[in-house]
Amino acid sequence: MLQINIIRQDVARVKEKLAIKNFPGIELVDKIIVLDDDRKALQLELETLQSKVNSHSKTIGQLIAKGQKEEAENAKKSVADYKLQIGELNVKLAETEKLLLHELVKLPNLPSDKVPAGKTPEDNVLVREGGSKPHLPEQALPHWDLIKKYDIIDFETGAKITGSGFPLYKGQGARLQRALVQYFLDYNTAAGYTEYLPPFMVNEASAYGTGQLPDKEGQMYYMPADNFYMIPTSEVPLTNIYRDEIIKEENLPVKMTAYSPCFRREAGSFGKDVRGLNRVHQFEKVEIVQLAHPGKSYDALEEMVTHVEKLLGSLELPYRILKLCGGDMSFTSALTYDFEVYSAAQERWLEVSSVSNFEAFQANRAKIRFKDQNGKNQLLHTLNGSALALPRIVACLLENNQQENYIALPGVLHSYFGSGKIG
RNA sequence: GGAGAGAUGCCAGAGUGGUUGAAUGGGACGGUCUCGAAAACCGUUGUACUCGCAAGGGUACCCAGGGUUCGAAUCCCUGUCUCUCCGCCA
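Residues numbered from 1 in each chain as written. Chains lettered and ligands numbered in written order. Predicted model: local features only at pLDDT ≥ 70, side-chain atom pairs only at ≥ 80, totals over all residues. Heavy atoms only, no water.

Some thoughts on the sheet that holds strand 8 (residues 245-248)
No. 1: One open sheet accounts for 3 strands, arranged 8-14-15; its pairing is mixed. In this open sheet, the two edge strands, each paired with only one partner strand, are strand 8 and strand 15 (377-379). Taking the axes of each pair of neighbouring strands and ignoring which way they run, one obtains an average angle of 40° across the sheet.
No. 2: Two elements, strand 14 (residues 368-371) and strand 15, share 3 bridges in a ladder whose sense is antiparallel. Bridging across to strand 15, R369 finds its partner in L379. (Pairing = 2+ DSSP bridges. Helix = DSSP H or I, 4+ residues; strand = E, 2+ residues; numbered from the N terminus. Axes fitted to C-alpha atoms, helices over the stretch in contact; angles between N-to-C directions.)

Some words on the protein's contact with RNA strand B
No. 1: In the region of RNA strand B, 18 residues are neighbours, and R39, Q43, E47, S57 and K83 sit closest.
No. 2: Atoms of RNA strand B within 4 Å of the protein: sugar and phosphate make up 68%, bases the balance.
No. 3: With respect to RNA strand B, the side chain of E47 contributes an N or O atom lying 2.7 Å from a base nitrogen.
No. 4: Counting residues per element, the ones that place at least two in the surface near RNA strand B are helix 3 (28-66), helix 4 (69-104) and strand 14.
No. 5: With 12 residues, helix 3 is the single largest residue contributor to the surface near RNA strand B. (Near = heavy atom within 4 Å. Polar contact = N/O pair within 3.5 Å; in protein donor to acceptor, adjacent residues only side chain to side chain.)

A few points about the environment of M201
No. 1: Summarising the element assignment, M201 is placed in strand 5 (residues 201-202).
No. 2: Judged by its relative accessible area of 37%, M201 is partly exposed.
No. 3: Distance from M201 to G313, taken between C-alpha atoms, is 33 Å for residues 112 residues apart in sequence.
No. 4: With residues up to four places along the chain from it excluded, the contact list for M201 reads M223, F228, Y229, M230 and I231. (Buried < 20%, exposed > 50% of the residue type's maximum accessible area, 1.4 Å probe, protein only. Contact = heavy atoms within 4.5 Å.)

A word on the packing of helix 2 (residues 11-20) against helix 3
No. 1: Where helix 2 meets helix 3, the axes come as close as 10 Å, and the angle between the chain directions of the two elements is 145°. Between helix 2 and helix 3, the residues in contact are V11, V14, K15 and L18 and V29, D30 and I33, respectively.
No. 2: Across the contact of helix 2 with helix 3, the residue classes break down as 5 nonpolar, no polar and 2 charged. (Nonpolar A, V, L, I, M, F, W, Y, C, P; charged D, E, K, R; others polar.)

A few points about the environment of Q378
No. 1: Mapped onto the fold, Q378 is located in strand 15.
No. 2: Residues Q378 and T257, spaced 121 residues apart in sequence, show a C-alpha to C-alpha distance of 24 Å.
No. 3: Q378 has contacts with P294, I368, R369, F370 and D372, leaving out every residue within four places of it along the chain.

Examining the layout of surface pockets
No. 1: Roughly 1,300 Å³ of internal volume is contained in the largest pocket.
No. 2: In terms of lining, the largest pocket is formed by 43 residues, of which the most central are R264, R279, S330, E351 and S354.
No. 3: Counting only elements with at least two residues in the lining of the largest pocket, the list comes to strand 10 (282-292), strand 11 (319-323), strand 12 (335-343), strand 13 (348-357), strand 16 (381-389) and helix 12 (390-400).
No. 4: Its residues assigned to classes, the lining of the largest pocket shows 14 nonpolar, 16 polar and 13 charged. (1 Å grid on protein atoms, 1.4 Å probe; cavity = no way out; pocket = protein on both sides within 12 Å on 5 of 7 lines; lining within 4 Å. Points joined across faces, edges and corners; volume = space filled by probe spheres on them.)

So, the pairing of strand 11
No. 1: Most of strand 11 sits out of view: 4 of its 5 residues are buried.
No. 2: Both strand 1 (residues 125-130) and strand 11 contribute to a ladder of 5 bridges, which runs antiparallel. Its bridge partner lying in strand 11, L126 is registered against L322.
No. 3: Summarising the sheet, strand 11 and strand 12 pair through 5 bridges and their orientation is antiparallel. Residue pairing in the sheet places K323 in a bridge with Y337 of strand 12.

Here it is in structure tokens:
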């Protein structure tokens, strides 16, 4: 959520920035400012009355103490009138605040100055490419065939147990998941990230704090009996660790990593994008999150990009890094780099990580702050990225490394996997 | 799931209807003393919103949400969480 004060400071700039994100409701900005003006006026009126009630009440107390009962009774009567007005104003103010918040949460984060203009993924800017694409033989198989050939992932039985998009990993397939998670966590903690194992369900306040609610409600699995949401990413519990907290400046940046399964309803997805491991309802992911000083968040972002890049390099997968254009960025992000690996058998790029700086957008809603050197509380910047999401990494590992009778695994995984190959 | 106890500032912990945004202690910060430090002493030490050019005001907040009252940290209701006991259980 954008800070209302920042919007008010430079309305023209806010509108300009929203245009880069191709936000269709620019006029919302003016509406919000009018609502905020109303709010201020109502608040002033209300507080003036409350102030009167308070001072009268004090007087009444003193009168009673002196035994002047009649004067006290008269004073009580005069307060009753204020109380009526206060009641009405309270209702109006609450309505206005609700409306203001309702509109304010509709505004996406402002893109940073570094974000290129553009509308579709074609407008994303290629930052770097790395690794080399393998030359596969004619009869190379896509991963959905390879998993059957080696009997390592069973979608049909997963569908029987739960439903479509809930893969059942088996044997070496299950072990590969464990090996990758372990490797990623070790890699992240070696870089100074503190490892967590968070709850996989969160309450409403947490889902709201990181911005999953209210706009992405339909994408989460929901448990009505307890009002819990299954996490779509461990970013949610990790970031919410510091919700409503004030961090000491010397403890910045806060660097966290966690493995978790991720649950996504993916309502509305269809077609070849969802084939095999490309899009599933439950998948494993290791996430990195940073809470950074506002002046240092873009350095932190670059650091995270390098961190993920080296990790992909160590898996010996062909990758590329894209800087997302305004139109392809998420609602909450100020700057995002996407990491894609090349799936040789599908002959397409698959997104495996997305590293973003949210600036103060999440922190404003979740009230994540630090005390600066002047003793003033300031919002932090939040950043996160995947390091890494497993399914598409697995798809590429299988496809790109397929041999006639086995699948070769990159050297870094051998000790974790207990073998150098599948099959 | 059943029974009971509790939730107050950075921490501990008073406070059971009237200048209480909150005693006291600890911590932290500033100062005095000291060559320096410790000790001692003095002082400072919440957040959000809002009015104001400023100085300086106002309002709200003692888990959360309602209620009673002229007035609530204090009384009532509901919820959440924590602890203890019982039950169940990997």
